[in-house]
Amino acid sequence: MRITGYRSLSTVHRWGRPVGDVNGVVAGGVTEVPVVLLETDGGLTGVGLGGHADVHRVFPALEGQDPRAVTSLYDRMLAHVFKSGHSGQTFGTIGALDMALWDLKAKMAQEPLWRTLGAADRFVPAYASGLDYALSDTELVAFYEQWAPRGFTGAKVKGGLDVERDVRRLAAVRDVLRVNSVRPALMYDVNEAWGHHQAVRLARQVEERVDITWIEEPVRRWDVAGHRAVAAGIRAAVATGENLTGLEHYRPLLAADAVGVVQTGSVWGITHFLRVSALAFGHSLPVSPVGYNANPVAHAAAAVPNHLVSEVQDLSFPVGLRVDQEIADGGIVLGDTPGLGIEVDEETIAAQTASDGWSVLAGPHVRPDDAGLRLVPQAR
């Protein structure tokens, strides 16, 4: 079987609430979900999710190749764009195509990807995460009350500008999940909003009043000294890595003992997650993938020995995607459909309306000019 072509689609996810973080919010609660379909001469189609704006640059590395050679093809894609740059949207494109390749490999084996990757259990422990920065306190509680009956014992709360507000909201979410655990796990994500000069002081202020499991991206993603200072100065673990796009970006953080929970971005693909997991395992560290539509990296998370917990951001799936998994028992229960378990209804996708987009001017992927530079957290 050989790879013959690709098709690009775009659907939407309807969150039913504003979503975002300290850097910005998509107020309309509708975001785009890019889908790439990798075609073969054997009639099978691989499904990849995530931005792939550079697919025209990367696809020549795959054309005519046997899709079963996934890890070799991953390196082939990286090598193909090495001289012209492979970070940013190019790395995302490679991740989406890599996801489609793994989908094809498992479909050719006629088994779900979690089995192809060697997992023994279809269950993936997870925590709830609402991308909840714009929600009122009442809305925040109502959102997490949906997760308590599904057995969740951990949740992530977005913050960063107002410590008093953040503490109040962390405590409220903790109280919701106490029906399942005496001490729910609380993840506190400030999305790089703090500067090196203030991160330890602010993190300690939160820890004095609420027990947090980890603090996520307390400083800029590449700030090794800043992460190390936070790791040494607080009780909670430091989690980071979702915005790093290569093992070379992780090595300085791990070498400096500056991270306690190694994260990966789901949009960077399956092979990236597996390689980061192996690197973290070599440092006796746990790994945790951040959430993405349809939770595709959960298949790989089920197969690595140092997976800690995965982020789940919603209880529904994007328009036109049927996903063979269940959110229950405090995690993701993967199904038996071959591949990623994602079926694409192209007619439904074609009929859907446009989204606000993650990259609107006020969206969470557009960092404010003054983010991370405040000496005193701003009250809101």
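Residues numbered from 1 in each chain as written. Predicted model: local features only at pLDDT ≥ 70, side-chain atom pairs only at ≥ 80, totals over all residues. Heavy atoms only, no water.

(A) Molecular detail of the environment of F123. Positionally, F123 belongs in strand 6 (residues 123-129). On the accessibility criterion, F123 (27% relative accessible area) is partly exposed. C-alpha separation for the pair F123 and H80, spaced 43 residues apart in sequence, amounts to 36 Å. Beyond its immediate sequence surroundings of up to four residues, F123 is in contact with A328, D329, G330, G331, I332 and V333. (Helix = DSSP H or I, 4+ residues; strand = E, 2+ residues; numbered from the N terminus. Buried < 20%, exposed > 50% of the residue type's maximum accessible area, 1.4 Å probe, protein only. Contact = heavy atoms within 4.5 Å.)

(B) Looking closely at the nonpolar core. L38, L49, L62, Y144, W194, I212 and I215 are the most contacted members of the largest nonpolar core, which totals 93 residues. Ranked by the residues each element gives to this core, the list is headed by helix 3 (residues 88-108), at ten residues. Excluding its chain neighbours within four sequence positions, the residues that come into contact with L49 are P34, V35, A96, M99, Y292, N293, A294, L321 and I342. By size, the runner-up hydrophobic cluster in this structure holds eleven residues, among which are L244, V276, L279 and L285. (Core = buried A, V, L, I, M, F, W, Y, C linked by side-chain atoms within 4.5 Å.)

(C) Examining the environment of V323 more closely. Structurally, V323 can be placed in strand 14 (residues 321-323). What makes V323 buried here is its relative accessible area of 13%. Separated by 20 residues in the primary sequence, V323 and E343 place their C-alpha atoms 6.5 Å from one another. Ignoring anything within four residues of it in the chain, the contact list for V323 reads A294, F317, G341 and I342.

(D) Up close: the sheet that holds strand 4 (residues 30-40). Ordered in space as 1-4-5, the three strands form an open sheet in which the pairing is antiparallel. Strands at the two margins of the open sheet, each flanked by one partner only, are strand 1 (3-14) and strand 5 (45-49). Each adjacent strand pair in this sheet contributes to an overall mean axis angle of 25°, direction not counted. Its contacts with the sheet place helix 3 against strand 1, strand 4 and strand 5, and it is angled at close to 140° to strand 5. (Pairing = 2+ DSSP bridges. Axes fitted to C-alpha atoms, helices over the stretch in contact; angles between N-to-C directions.)

(E) Local environment of the packing of helix 2 (residues 70-80) against helix 10 (residues 270-282). Interhelical geometry of helix 2 versus helix 10 gives an angle of 100° and a closest axis separation of 10 Å. In terms of orientation, helix 2 lies roughly perpendicular with respect to helix 10. Of the residues in helix 10, those in contact with V70, T71, Y74 and D75 of helix 2 are T271, H272 and R275. Taken together, the residues of the contact of helix 2 with helix 10 break down into two nonpolar, three polar and two charged. (Parallel < 35°, antiparallel > 145°, perpendicular 65-115°, else oblique. Nonpolar A, V, L, I, M, F, W, Y, C, P; charged D, E, K, R; others polar.)

(F) View of the packing of helix 2 against helix 3. Running from amino to carboxyl end, helix 2 crosses helix 3 at an angle of 160°, the nearest separation of the two axes being 10 Å. Compared by their axis directions, helix 2 and helix 3 come out roughly antiparallel. Where helix 2 crosses over helix 3, the two elements pack in a sense that is right-handed. Contacts from V70, T71, L73, Y74, M77 and L78 of helix 2 reach helix 3 at F91, I94, L97, D98, L101, W102 and K105. Of the residues contributing to the contact of helix 2 with helix 3, the split by class is ten nonpolar, one polar and two charged. (Left-handed = near helix turned anticlockwise from the far one by under 90°.)

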